Amino acid sequence: MESMLNKLKSTVTKVTADMTSAVMGNPVTREFEVGRHIASGGPGMCWRIYNGTKKSTKQEVAVFVFDKKTVEKYQKFDKDQIIESLKRGVQQLTRLRHPRLLTVQHPLEESRDCLAFCTEPVFASLSNVLGQWDNLPSPVPTDIKDYKLYDVETKYGLLQISEGLSFLHSGVKMVHGNLCLENVILNKSGAWKIMGFDFSISSTNPSDAEPKYSCKEWEPNLPPLCLPNPEYLAPEYILSVSCDSASDMYSLGVVMHAVFNEGKPVFQVNKHDIFKSFSRQLDQLSRLSPTMLNKIPEEVREHVKMLLSVTPNVRPDADQMTKIPFFDDVGAVTLAYFDSLFQRDNLQKSQFYKNLPKVLPKLPKRVVVYRILPALTSEFMNPDMVPFVLPNVLLIAEECTKDEYVRLILPDLSPVFKQQEPVQILLIFLQKMDLLLTKTPPEDIKNSVLPMVYRALEAPSIQIQELCLNIIPTFANLIEYPSMKNALIPRVKSACLQTSSLAVRVNSLVCLGKILEYLDKWYVIDEILPFLQQIPSREPAVLMGVLGIYKCTFSHKKLGIPKEHLAAKSLPHLVSLSIDNNLNLNQFNSFMAVIKDMLTRMEAEHKTKLEQLHSMQEQQRSMNINTSQTNQSEETKRTPSPGNQVRGHFLDNEGRGDCPDMSLTLEEKQRLAKEQEQAAKLRNQPALAPQSIKPATPSTQAKDLTSSLLNNMTSLGSLSLTSPPRPGLIQSSTISAYPSTNPMGSMVSNGYNPTMGFQTGGLGMRGPGPYGGMATTTSTPNFGALTHNQGSTNTPDMSALDSLFTSNKPKVSLNQMAPPKPTPGTTATPWLNQFGSAQPSQTAPMQGAPLAMGGVTSGFGMQANPFFSPQNFSQPTAAPGMNAGGGLRHSSSVNNDLKDLFG
């Protein structure tokens, strides 16, 4: 890839350098800018052709350059001969002016390195087109390599050469002397032009009717550029050193043969032995075989054979050749007429342009675009001819690509968009509006095309307004929405309101009805429908137009009219219009049909809305009822709080509140739906039934064991009665009467060591209460025994155990949890006094059982295991040692022994 780029760069650099070196210093460069090398032509293909522009006017030109370095190989005499021959040919061409001759824009200029002159814009030489690429840039331009001549181009090109020869022979009394392919130039429009007058011969008696021409003898020693092309020369020029106009006609015959045979002449001439070659050629021409002309079209084959005749008098002259039937082709005639338009008056031109649309489809696109279109656009300078030329230009635009349209047609159309006279211009543009909006760039549409449409709507001509209103719906889909909403629709409405023409008013309503589908729904409701109520006219056609807009808006699936607008504005307006006296029966029925459809839809929509609203209200009411019933069922299961009692005053017998049913927001509806779902889940759950746990039946072995243990304790107590009391021992046992803070039970003193307690009630089940659960017990506590010893004077210090509490609970010292010190001579707590009389116990050893939380006794087979309540090891209640408060007195020795026993 890099090598290719380098090669291309080097080629461009070489070509640019060659061009710069060739033209640099030539006076032509003062007025013209020289571009790229595009073609070659002239005698021996010695002229390089460059495109260029005039600096002052930017006019496009072709620059012909002859580089003197190409003849450096010749001696000075030959070199001077070549330069003089070339200069003579250009100077002769500059003096001649005719449409069939190449037009010179700037005369020949000579510098030390080159010769240069400027002509009309050129495409290539006929020799280049037919495959001779000598002196062309490398690589050969694609447009030349791929160029193919159409039949109409060939026919008209040969006709142009014939006309050029006719001008030279009849008008100037001159023989060209070197008519060949390289001296025929195709200009940018495709016209064939003659150049190369290096060997032209003027008549020696131009004033006489019969011109005479003097011919030079062939000099084979001269350089080729100093001699005409021998392959196109007539035999008499070489053999008899004579020539006249018939010699040019022979050259025309060879050119026609070469055109139809890919650039090959009739004979190949040996330039080193020119006389012998022409002698042989003369014999062949005398008996010309038909196979040599088989590629030439049959209708012109005979004429070519006559042109190649050995006898000059047999050859037809140029005027006769221009009139042969071969050139009567419709395309050739059309192109010929365009070339002669400057000689026609407006009436002749108008007739020709009217018939031109029938011919244009028969011509090749290249011919139409590059030959006919420039001639048509040049007529835009004549306002009277624009209505005749414009349809043809737009017809050509339809066949062009968007790029060709923008490059070749739009620049000439832009001034025409602004012309308001004659009025036919607007009509033609409106009829082709879809073409203009499709191929014109958006910026030009905004600046040129749409302003023309707006002017048409505001034109004083009713015919223009009607046509514009009828055409607008056909291209409405191509107009941008902002332009339609802000510029087009307001002008259509204005035309409807301000005009005095019924046709314009009706067409305005029809136009609005057809373009409704391209508008926004709310724009139609806010702008179009209110506009209908402003129309003062009451003609039936106008009323039906109004009805049509209402019907289109109402029935269109993208638009539609809301029921609120139907009820408040549309239906009242239509009802008032429907009873107008100008309407006939069918028109009234049309109004009523639309009104009924509107009423039916409005009824259905509003009924649906009310049904939905009613359904939502019923659903909300059902949710309220379910919620109330759920709340009532929960109230029956728990003690009603004051707040619930107060709320009950606001509920009726059905559980509904006295407050009016208010519309709920979306959040409230969602919350009620969640509550209803939660209530349904609660209703579906099975009810919780209390489960009773049967207490373990005490075995006789456990009962006997307890009795034996009590007997042992009694014997131990009797043995230690005589022992002196030990200092520091607690003389009595106490049981805390406060509810325990332990969730598994109560901390109970063992009666012998205040810091040692048993957790009771942790496995029991409580009855219904603030903490739930069920409790089962087999004994009734005797609170009569829960009294403090009157003789106890010291409260044990339990502050050492404060560190056992966790950090996430408030710290309460164990000193604060100790039972309060009773006042001597009084009972421990008045609350305990109400239980002073001991209740009968089912099991004797369970007297004085500890209380669980909430004052409920704890038990899990406790009557079978006395170790859960050490205080049960006190003396029997019938012992005479019971004090006045119902408490038990123990000796210090018994306490010590029990302490040793239980650790």
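Per an unreviewed UniProt entry, the protein chain is named SCY1 like pseudokinase 2, and its organism is Hucho hucho. UniProt, in its Sequence similarities (unreviewed entry) section for the protein chain, records the words "Belongs to the protein kinase superfamily."

(A) Fine view of the overall build of the protein chain. If you tally the helices and strands in the protein chain, you get 32 helices and twelve strands. Looking at the protein chain as a whole, 43% of its 903 residues qualify as buried. For the protein chain, the accessible area works out to roughly 48300 Å², and carbon and sulfur atoms hold 54% of it.

(B) Spotlight on the sheet that holds strand 9 (residues 192-194). The antiparallel open sheet is built from three strands, whose spatial order is 6-8-9. Bordering the open sheet on either side are strand 6 (122-125) and strand 9, each of which pairs with just one other strand. Across the sheet, the axes of successive neighbouring strands diverge by a mean angle of 35°, strand direction being ignored. When strand 8 (residues 184-187) meets strand 9, the two strands line up antiparallel, connected through three bridges. If you follow leucine 186 over to strand 9, its bridge partner there is tryptophan 192.

(C) Inspection of the confidence of the model for the protein chain at higher detail. A residue-level look at the protein chain finds 69% of positions with pLDDT of 70 or above and a mean pLDDT of 75. The lowest-confidence element of the protein chain is strand 11 (residues 746-749), averaging 39 in pLDDT; the highest-confidence one is strand 9, averaging 95. In the model, residues 698-703 has pLDDT below 50 throughout and makes two contacts with residues more than four positions away in sequence or in other chains. Note on residues 803-810: pLDDT is under 50 here. Beyond four places in sequence and across chains, it has three contacts.

(D) Fine view of the sheet that holds strand 5 (residues 114-119). Across the sheet, which stays open at both edges, the five strands sit in the order 1-2-3-5-4 with antiparallel pairing between neighbours. Each edge of the sheet is formed by a strand with only one pairing partner; in this case those strands are strand 1 (32-41) and strand 4 (104-110). Across the sheet, the mean angle separating the axes of adjacent strands is 25° when strand polarity is ignored. In terms of strand pairing, strand 2 (residues 47-54) meets strand 3 (residues 60-67) through six bridges, oriented antiparallel. Paired with threonine 53 across the strands is glutamate 60, a residue of strand 3. Against the sheet, helix 3 (residues 76-95) contacts strand 2, strand 3, strand 4 and strand 5, and its axis sits at roughly 155° relative to strand 4.

(E) Quick peek at the environment of lysine 674. Turning to its location among the elements, lysine 674 is positioned in helix 28 (residues 666-684). In this structure lysine 674 comes out as exposed when scored by relative accessible area, which is 60%. Put simply, lysine 674 and methionine 623 are 51 residues apart on the chain and 9.9 Å apart in space, counted from C-alpha to C-alpha.

(F) View of the pairing of strand 2. Alignment of strand 1 against strand 2, held across seven bridges, turns out to be antiparallel. Residue glutamate 33 lies in a different strand from strand 2, and its bridge partner there is threonine 53. A loop of five residues connects strand 1 with strand 2, the two strands running antiparallel in sequence, and glycine 42 in this loop sits at a positive phi of about 85°. Following strand 2, the chain reverses through five residues before pairing antiparallel with strand 3; lysine 58 in that reversal takes a positive phi of roughly 60°.

(G) The arrangement of the nonpolar core in detail. Ranked by size, the top nonpolar core spans 179 residues in total, and within it Trp47, Ile372, Leu413 and Phe429 carry the most contacts. Here this core spans two domains, and each of domain 1 (8-327) and domain 2 (520-612) adds at least three residues to it. Within the second largest apolar cluster, 13 residues are counted, among which are Cys215, Leu227, Leu233 and Phe278.

(H) Up close: the packing of helix 6 (residues 151-172) against helix 12 (residues 330-339). Contact geometry of helix 6 with helix 12 gives a least axis separation of 9 Å together with a crossing angle of 50°. The orientation of helix 6 with respect to helix 12, classified from their angle, is oblique. Note on packing geometry: the crossing formed by helix 6 with helix 12 is right-handed. Residues Val152, Tyr156 and Gln160 of helix 6 lie in contact with helix 12, whose contacting residues are Gly331, Ala332, Leu335, Ala336 and Asp339. In the contact of helix 6 with helix 12, the residues fall into five nonpolar, two polar and one charged.

Rules and cut-offs
Along each chain, numbering runs from 1 in the same order as the chain's sequence is written. Side-chain atom pairs in this predicted model are given and counted only at pLDDT of 80 or more, local residue features only at pLDDT of at least 70, and totals for whole chains, interfaces and linings cover all residues. Just so you know, side-chain values use all the structure's heavy atoms and leave hydrogens and water out. UniProt positions are given in the numbering used here, feature names are shortened, and annotations may be inferred rather than shown by experiment. Secondary structure elements follow DSSP: runs of H or I no shorter than four residues count as helices, runs of E no shorter than two count as strands, and numbering proceeds from the N terminus. Relative accessibility thresholds used throughout: buried, under 20% of the residue-type maximum; exposed, over 50%; partly exposed, between the two (1.4 Å probe, protein chains only). Areas reported as accessible are Shrake-Rupley estimates using a 1.4 Å probe. Residue values count occlusion only from the protein chains shown. A pair of strands is considered paired only if DSSP assigns at least 2 bridges between the two. Throughout, an axis means a line fitted to C-alpha atoms (over the contacting stretch in the case of helices), and angles, computed between N-to-C directions, take values from 0 to 180 degrees. pLDDT measures how confident the predictor is about each residue, on a scale from 0 to 100. Only heavy atoms enter the contact rule, under which two residues are in contact if any of them lie within 4.5 Å. Among buried residues, those of type Ala, Val, Leu, Ile, Met, Phe, Trp, Tyr and Cys that are joined through side-chain atoms within 4.5 Å constitute a nonpolar core. Just so you know, the domain bounds were taken from an automatic or database domain assignment. Oblique is the label for any angle not under 35 degrees, not over 145, and not in the 65 to 115 range, which are roughly parallel, roughly antiparallel and roughly perpendicular in turn. A crossing counts as left-handed when the near helix is turned anticlockwise from the far one by less than a right angle, and as right-handed when that turn is clockwise. Classification convention: Asp, Glu, Lys, Arg as charged; Ala, Val, Leu, Ile, Met, Phe, Trp, Tyr, Cys, Pro as nonpolar; all other residues, Gly among them, as polar.

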